[in-house]
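Reading the structure
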Amino acid sequence: MKLYWQIAKNTWDQAVAYRASFVIYRLRNILWVLTLYFLWIVVLPENTTLFGYNRAQIITYVLGTSLLSSVVLATRSQDIASDINEGNLSNFLLRPMGFFRYHFARDLGDKAMNISFAVVEIAVLFFFLRPPLFLQTNLFILFLTLLAIAVGVVLFFFFGVLLGLIGFWSNETWGPRFIFYQLLTFFAGNLFPLDILPKQVFRFIELLPFPYLLYFPMKVYLGQLAPLAVYKGISIAVVWVFLMYGITRFVWLKGLRVYTAQGR
Amino acid sequence: MKKYISLWLTMTSRITQIAFASRFGVVFFTLGKVIRFLFFLIFLVLIVSKTKSLAGYTLWQVILFFVTFNIIDIVTQFFLREVYRFRSYIVSGSFDYMLTKPLSPLFRSLFGGSDILDLITLVPLLGFLFYVLNQIGGITIAGVVLYVLLLINAFVIALAFHIFVLGLGVIITEVDNAIWIYREMTALGRVPIAVYREPISWILTFILPVAAMITFPVQAVLGILSWTGVLLAFVFSGIFLLASLRFWRYALRQYSSASS
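What counts, and where the lines are drawn
Residues numbered from 1 in each chain as written. Chains lettered and ligands numbered in written order. Predicted model: local features only at pLDDT ≥ 70, side-chain atom pairs only at ≥ 80, totals over all residues. Helix = DSSP H or I, 4+ residues; strand = E, 2+ residues; numbered from the N terminus. Rg over C-alpha atoms; globule rule 2.2 N^0.38 Å. Contact = placed C-beta atoms within 7 Å. Nonpolar A, V, L, I, M, F, W, Y, C, P; charged D, E, K, R; others polar. Core = buried A, V, L, I, M, F, W, Y, C linked by C-beta atoms within 7 Å. Buried ≥ 20, exposed ≤ 12 C-beta atoms within 10 Å, placed from the backbone. Expected span 1.5 Å × (residues − 1). pLDDT = per-residue confidence, 0-100. Arc of directions from axis to C-beta. Axes fitted to C-alpha atoms, helices over the stretch in contact; angles between N-to-C directions. Parallel < 35°, antiparallel > 145°, perpendicular 65-115°, else oblique. Left-handed = near helix turned anticlockwise from the far one by under 90°.

Quick look at the overall build of chain B now. Helix and strand counts for chain B stand at twelve helices and zero strands. Element order for chain B, N to C, with α for helix and β for strand: α-α-α-α-α-α-α-α-α-α-α-α. Expected size for 260 residues packed as a compact globule is a radius of gyration near 18 Å; at 19 Å, chain B falls within 12% of this value. Seen along its three principal axes, the alpha-carbon backbone of chain B occupies a region of about 60 × 40 × 35 Å.

If you tally the helices and strands in chain A, you get eleven helices and two strands. For chain A, the N- to C-terminal ordering of α and β elements is α-α-β-β-α-α-α-α-α-α-α-α-α. For 264 residues, the compact-globule formula gives about 18 Å, and the C-alpha radius of gyration of chain A, at 19 Å, lands near that figure. Judged by the C-alpha coordinates and their principal axes, chain A covers about 65 × 40 × 35 Å.

On to the interface of chain A and chain B. Across the contact, 25 residues belong to chain A and 29 residues belong to chain B. Of all elements in the fold, only helix H2 (19–43) and helix H8 (174–187) of chain A reach the threshold of two or more residues within the side of chain A that touches chain B. With eleven residues, the top contributor of residues to the side of chain A that touches chain B is H2 of chain A. Along the lines of polarity and charge, the residues of the side of chain A that touches chain B split into 17 nonpolar, six polar and two charged.

Once that is clear, we can look at the nonpolar core. Among the nonpolar cores identified, the biggest contains 124 residues, and Trp 40, Val 62, Val 72, Leu 155 and Leu 213 of chain A together with Val 62 and Ile 157 of chain B are the most heavily contacted of them. Counting residues per element, this core draws most heavily on helix H8 (residues 141–172) of chain B, at 16 residues. If we ignore the near neighbours within four places in the chain, the residues touching Leu 213 of chain A are Val 72, Leu 73, Gly 152, Leu 155, Phe 156 and Ala 188 of chain A.

Moving on, we get to helix H11 (residues 227–258) of chain A. Residue and element names in this part refer to chain A. Along its 32 residues, H11 runs 47 Å from first to last C-alpha, staying within 8% of the 46 Å computed at 1.5 Å per residue. Inspection of H11 places Val 230, Gly 233, Ala 237, Trp 240, Val 241 and Thr 248 among the buried residues, and these make up the whole buried set. Residues of H11 that are buried sit in contact with helix H7 (139–165) and helix H10 (215–222).

Right, let's talk about the confidence of the model for chain B for a bit. For chain B, per-residue confidence averages 88 on the pLDDT scale, and residues scoring 70 or more make up 99% of the total. Model confidence for the complex is summarised by a pTM of 0.87, with the ipTM given as 0.84.

All names here are of chain B. The topology assignment puts Leu 64 in helix H3 (residues 59–80). Leu 64 sits 151 residues away from Thr 215 along the chain, and the two C-alpha atoms are 9.9 Å apart. In this structure, Leu 64 is in contact with Val 132, Ile 136 and Val 218, ignoring residues within four places of it in sequence.

Attention shifts here to unusual backbone geometry. Phi is positive for Phe 51 of chain A, which is not a glycine, with a value near 55 degrees. The residue Phe 51 of chain A is located in the loop between strand S1 (49–50) and strand S2 (53–54) in this model.

On to helix H9 (residues 176–187) of chain B, then. Residues and elements named next belong to chain B. The end-to-end C-alpha separation of H9 is 16 Å, in line with the 16 Å expected for twelve residues at 1.5 Å each. Residues of H9 that are buried: Ala 178, Ile 179 and Thr 186. All buried residues of H9 project into a common sector of 100 degrees when viewed along the axis, lining one side. On its buried side, H9 packs onto H3, H8 and helix H11 (210–221).

On to the packing of helix H3 (residues 55–72) of chain A against helix H6 (residues 99–129) of chain A. Residues and elements named next belong to chain A. Viewed as axis vectors pointing N to C, H3 and H6 meet at an angle of 160 degrees, and their least axial separation amounts to 7 Å. Taken as axis vectors, H3 and H6 run roughly antiparallel relative to one another. Regarding H3 and H6, the two cross each other, and that crossing is right-handed. In contact with Leu 63, Ser 66, Leu 67, Ser 70 and Val 71 of H3, H6 contributes Lys 111, Asn 114, Ile 115, Ala 118, Ile 122 and Leu 125. Counted by class, the contact of H3 with H6 contains seven nonpolar, three polar and one charged residues.

Next up on the list: the packing of H3 of chain B against H8 of chain B. Residue and element names in this part refer to chain B. Relative orientation of the contacting elements H3 and H8 amounts to 50 degrees, with a least axis distance of 10 Å. Comparing their axes, H8 and H3 come out oblique. The interaxial crossing formed by H3 with H8 has right-handed handedness. Where H3 approaches H8, its residues Ile 71, Ile 72, Val 75, Thr 76 and Leu 80 are matched on the opposing element by Leu 151, Ala 154, Phe 155, Ala 158, Leu 159 and His 162. Its residues assigned to classes, the contact of H3 with H8 shows nine nonpolar, two polar and no charged.

We now examine the environment of Val 27 of chain B. Residues and elements named next belong to chain B. Along the polypeptide, Val 27 turns up in helix H2 (residues 23–51). Accessibility expressed as a C-beta count within 10 Å gives 13 for Val 27, which makes it partly exposed. C-alpha of Val 27 to C-alpha of Phe 240: the two residues are 213 residues apart in sequence and 37 Å apart in space.

Encoded structure:
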């Protein structure tokens, strides 16, 4: 445990070492949030509802998904592909630690860094914009939200690793990752709450793993889901976690067989 | 001039060959850009079709803002892609090599790596632009001419910004982050500037060039841009370009060739 704590801490230190890049990355995030924030403020005047959301709920959704992105989507798994392609994976294979646990610890370090920045950003935005926010006070709903976020974190971890493992077969891993993030922005609900889509489309998306990364935890937080829908959602997400774990492990073992330590 | 056009064609041809050597990447990159465009378009259609208008603009007019932003973004990236590689030239000392060539180092640093990948999506986008203009209706030839002129003007502003970034790269080897700030800043123009609350909309109009780059061309083609606005856009780009060139010359004088 102490080993993985140190790995997470090292990842934090790495992010601090490249402060400028990290700050700019976060600044980009703020500009994106601002676009969505003002867009929704204009389309949703005070005391009106649209798609079943009032202003406070939609603004909470926009700012909440921004904060949640820093928790769920922050990852260092993009380094896996370059480690494989440059042969650095060989060093790792000789060390007495688990591949998945090592990268999960790195993800946690990166998430901690992102969360600390996101909290400051949201506080600054709150200070300047004074947005109407929905504050959830029901402790049980807050517990379910945390549970949904935790499942989302694990689920996204396997996606990140799986994309990195493409490195076993190709040098060009940025292309699939680029497409994945475009799909994620939409299907995870980073752009808008997914339930504003036509019903049939939304029902289909609900079966995919992506909504359980951002959209679902935010809906739980907003208290807009019936208890049965919350349990159903968490169950689907857990099934996806096991499925993704199986696929990732299978691909990892397959990849090790074709690994040639090229570049060392 | 002829020499530079010929050189640009040769350099672009080489970069294109390199890009297409990795076909897998080409397919994913292009597809990813199309997906990104479509998803944001769906988002706009969803909300504006429900509210009927956004900051006083109809759905097709809002889409025109988004399409115009994308055209400027694509054209800028196509011509000025080399700026993204500039830092490595400075850090590795390769910039010295550029300085010794009988070719403007600024030209080489700006236009030396035009990437055809950036242009693939432009053709269907232009087709979509014509469709959008047709849907809006009441577009005049004069409006279209002014739109094109203001798009060229937007490119000049983008060019000036990239020259500033190159200058910054020479002095403090910082390029990537500055470019990203520029891109995210202009991305605020995906939607009409009127969406943003004061003082942000004022800043985007009078301090940052987002309005002059994206809002003004759209307003011109819609016939709602005042002549003061047109004048302001051209004066802004002229001053910005001159200032960027002066900064570039200043940066070159500071260059110490420390990496070579």
